[in-house]
Amino acid sequence: MAHWVLGLTIFATTMAAILIRPWGVSEALAALAGAVLMVATGCLPPAELVGLLAGQWNVYGFFLGLMVITAFAEQAGVFEALTSWIARRAAPSARRLYAGIFLAGAGVTAFLSNDATALILTPAVYALAVRLRLPVLPFMYGCTFVADGASFLLPFSNPINLFLVDRFRLSLGGFLGHLLLPSLFSIGFNLALFLVVFRKQLGVEYLVSDLPPQKRVSDRFFRSALVVLCATGGAYLLASLLGAPLSVVALGGAVGLGALALRYGVLDVKLLLREISWSLFVFITAMFVVIKAVEDLGITRTLGALLARSAGSSPFLSALLTASLAAFGANLLNNVPMALLMTSGLRQLGPSPHAGLLYAAIVGVDIGPNLTTVGSLATIVWMFMLRKRGVEVTSLAYFKLGVLVVPAVLLAASALIWIGV
Amino acid sequence: MRVMCAIGRRGGPSLIDAISALLDRDDPVLLVHVVDSGPRRGLEGFLGGPASHGPRAHVRSEELLDATEAEAAERILAEARSRAERLGVSCEVEVLRGAPEREILRSAAARSPDLLVIGRAEGPPPIDAPRSPGAEPGRLGRVARFVVDHAAWRLLLVPLARDS
């Protein structure tokens, strides 16, 4: 009992620290402190650590491969080329350009992950809008929303999908069968809504002549990088179909792009190392430890019991409850711990819980961050801190859009999952 | 007459056309463009916040965005200046960065122009336009409204065609 209380206290404190970030402590450090405390207090036996972390090799490899691939794609000029190509074809209508960029964002998310869209495509689109003298904010919102809204199109579109896909051995067919329609709805509804909301700002025309000639580090690197990226996308699909580990594909793509960069003399190892978010590995490792400790202490059993009870009610309501719970949690905390918590809670229902609950959980943790500012409630707190320092942010506008998009997607996705089950 | 003319993202040449008849050849004209720092701060906040888990290739994007904004501002001013020069008006240009409404007023306060000129996006609404939520006719944009409210100088508000 003492351990149970201690474990719960450490878990709650860790989550609060991630949320509040006292004294500017990073999420990774807050999570690491929680993990160390869990082990030091015996809530998680140290002997379990190696097995626990070694079992996550696919997740680590996938995250690493994905980050390297994205960094090389950005260096090759793929994102700028993509945005310029769309701008030339959509000219002169800003609305057509917006739709094109939004759909391209969905494609980038599907094959290169939500992070690639949010963090790499967004600045490229921002630059495009500035060059074309178009209002920047609608484009920024479009990119950040589609990054999460298209995250459940494919199993590898959001790295956190892997927690559930790996644990419950979800097949590509099952994934698409349950989540293709909700994904298409999420993308289509979001785009249509934004075209209406931003109709005034987007009701202008632009001149293609405002686009500067493209500058690339190497044309040959760009062309061959495109080939490798397409091959990697195909390999992801194949690996998902065969149930092979996705990390092998991601790391293979990363090595392929690295070899090309070396061949064309554009490999900058120092820069590449700087572009990998190493703190993310600390964060997810610590989260694996904290959530495993919570699971071992039986704390996630309550979550499992709640999900089990909901599964007993109508399938639609249980899908909606699971998706909403996951979305709210992903928003309140962060979608990484929430995805792990949902995985742990669903494990309490047996080795193969009801498919509707699994896929609803994926939708929830993926789309949840869109509800408030740009990721989680932690972001809101952080935005308030920025405001105190006189930095103006656009969180309220983002929140208004999130409130329009997320509940509708959760409702429709739950209904579509229910129909598909 | 010392004239200060704030040029927005679009419509610079139309603004010059509109005021050229009021100017003498020797009137000193300053064309100002303000790079709106709001969206960029939002972007930086987004990239540097909790969403920053994941690839960090955006470390490269800072330079790209600085250069893009500077280039766009120069192009906007060059376009307006070239139109002014064609009409025989010589002018100086200045790029500012910040909240456009505040920077325009700050810059004007430092110069005390005889005339401050700003454009009004979308032109005047029809006097009998129906009122509907979200599209209220007759409302000035954020920048024009703020400048109109706070300007302590003679002010010329030039309606610009929506797509100029």
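Residues numbered from 1 in each chain as written. Chains lettered and ligands numbered in written order. Predicted model: local features only at pLDDT ≥ 70, side-chain atom pairs only at ≥ 80, totals over all residues.

When helices and strands are tallied, chain B shows 5 helices and 5 strands. Each helix and strand of chain B, placed in order from N terminus to C terminus, yields the pattern β-α-β-α-α-β-α-β-α-β. In chain B, once contacts between residues fewer than 6 apart in sequence are set aside, the share between residues at least 24 apart is 84%. (Helix = DSSP H or I, 4+ residues; strand = E, 2+ residues; numbered from the N terminus. Contact = placed C-beta atoms within 7 Å.)

Along chain A, the regular secondary structure elements total 20 helices and 0 strands. On C-alpha atoms alone, chain A measures out to a radius of gyration of 21 Å, which is about the 22 Å that the 2.2 N^0.38 rule sets for 421 residues. Projected onto the principal axes, the alpha-carbon positions of chain A cover approximately 70 × 50 × 45 Å. Each of the 421 residues in chain A was classed as buried or not, and the buried ones make up 54%. (Rg over C-alpha atoms; globule rule 2.2 N^0.38 Å. Buried ≥ 20, exposed ≤ 12 C-beta atoms within 10 Å, placed from the backbone.)

Residue and element names in this part refer to chain B. Relative orientation of the contacting elements helix α4 (residues 100-111) and helix α5 (residues 142-150) amounts to 35°, with a least axis distance of 8 Å. Between α4 and α5 lies a crossing of right-handed hand. Packed against α4, whose contacting residues are P100, E101, I104 and L105, the element α5 presents R142, V143, F146, V147 and H150 at the interface. The residue inventory of the contact of α4 with α5, partitioned by class, reads 6 nonpolar, 1 polar and 2 charged. (Axes fitted to C-alpha atoms, helices over the stretch in contact; angles between N-to-C directions. Left-handed = near helix turned anticlockwise from the far one by under 90°. Nonpolar A, V, L, I, M, F, W, Y, C, P; charged D, E, K, R; others polar.)

Turning our attention to unusual backbone geometry. Here the bond from A:A91 into A:P92 is cis, since omega is 0°, no more than 30 degrees from zero. Here A:P92 lies in the loop between α5 (78-90) and α6 (94-112). In this model, A:S113 sits at a positive phi of 90°, which is unusual for a non-glycine residue. Of note, A:S113 is situated in the loop between α6 and α7 (114-131). Residue class for A:S113 comes out buried when judged on the 30 C-beta atoms lying within 10 Å of it. Phi at B:S112 takes a positive value of approximately 45°, unusual for a residue other than glycine. Positionally, B:S112 belongs in the loop between α4 and β4 (115-120).

Glancing now at the sheet that holds β4(B). Residue and element names in this part refer to chain B. With parallel pairing, the 5 strands of this open sheet are ordered in space as β3-β2-β1-β4-β5. Each having just a single partner strand, β3 (91-98) and β5 (155-159) make up the two edges of the open sheet. The average undirected angle you get between the axes of adjacent strands in this sheet is 25°. Pairing of strand β2 (residues 29-36) with β3, which is carried by 8 bridges, proceeds in the parallel orientation. The partner of V32 across the bridge, within β3, is E94. (Pairing = 2+ DSSP bridges.)

Take helix α8 (residues 136-149) of chain A next. An α-helical turn contains 3.6 residues, so any two residues separated by three or four positions project in the same direction. Taking 1.5 Å of rise per residue, 14 residues should cover 20 Å, and α8(A) covers 20 Å from first to last C-alpha, within 8% of that figure. In terms of burial, α8(A) is largely enclosed, as 13 of its 14 residues are buried. (Expected span 1.5 Å × (residues − 1).)

Turning to the confidence of the model for chain B, a few remarks are in order. Residues and elements named next belong to chain B. Per-residue pLDDT for chain B has a mean of 80; in total, 77% of the residues score no lower than 70. In the model of chain B, helix α2 (residues 38-48) stands out as the element of lowest mean pLDDT, 72, in contrast to α4, which has the highest, 93. As scored by the predictor, the complex reaches a pTM of 0.84 and an ipTM of 0.77. (pLDDT = per-residue confidence, 0-100.)

Residues and elements named next belong to chain A. Running from amino to carboxyl end, helix α16 (residues 315-332) crosses helix α17 (residues 335-347) at an angle of 145°, the nearest separation of the two axes being 7 Å. Crossing angle aside, the handedness with which α16 passes α17 is right-handed. Residues A326, G329 and A330 of α16 form the contact with α17, whose participating residues are N335, M338, L341 and M342.

On to the nonpolar core, then. One finds A:A31, A:A225, A:M287, A:V290, A:A361, A:V363 and B:C5 to be the most contacted residues of the largest nonpolar core, which totals 175 residues. Per-element tally for this core: the top contributor is α7(A), with 12 residues. Residue contacts for A:V363: discarding those within four places in its chain leaves A:F152, A:L179, A:P182, A:A323, A:L410 and A:A413. (Core = buried A, V, L, I, M, F, W, Y, C linked by C-beta atoms within 7 Å.)

All names here are of chain A. According to the domain assignment, chain A consists of domain 1 (1-43 + 278-297), domain 2 (56-265) and domain 3 (300-421). For the side of domain 1 that touches domain 3, the elements supplying multiple residues, two or more each, are α1 (2-20) and α14 (278-296). Of all the elements, α14 adds the most residues to the side of domain 1 that touches domain 3, at 7 residues. Class assignment of the residues belonging to the side of domain 1 that touches domain 3 gives a composition of 10 nonpolar, no polar and 3 charged. (Domains from an automatic or database assignment.)

All names here are of chain A. When the pLDDT values of chain A are averaged, the result is 86; 93% of them are 70 or greater. Confidence, read as mean pLDDT per element, is least for helix α19 (residues 377-388) in chain A (46) and greatest for α6 (96). The low-confidence segment residues 374-393, where pLDDT is below 50, has 53 contacts with residues more than four positions distant or belonging to other chains.

To continue, consider the environment of A:S313. Summarising the element assignment, A:S313 is placed in the loop between α15 (300-312) and α16. Between the alpha carbons of A:S313 and A:A28 there is a distance of 38 Å; along the sequence they are 285 residues apart.

This part takes up the environment of A:F399. Looking at where A:F399 falls in the secondary structure, it is placed in helix α20 (residues 395-420). Residue classification places A:F399 among the partly exposed positions, given that 16 C-beta atoms sit within 10 Å.

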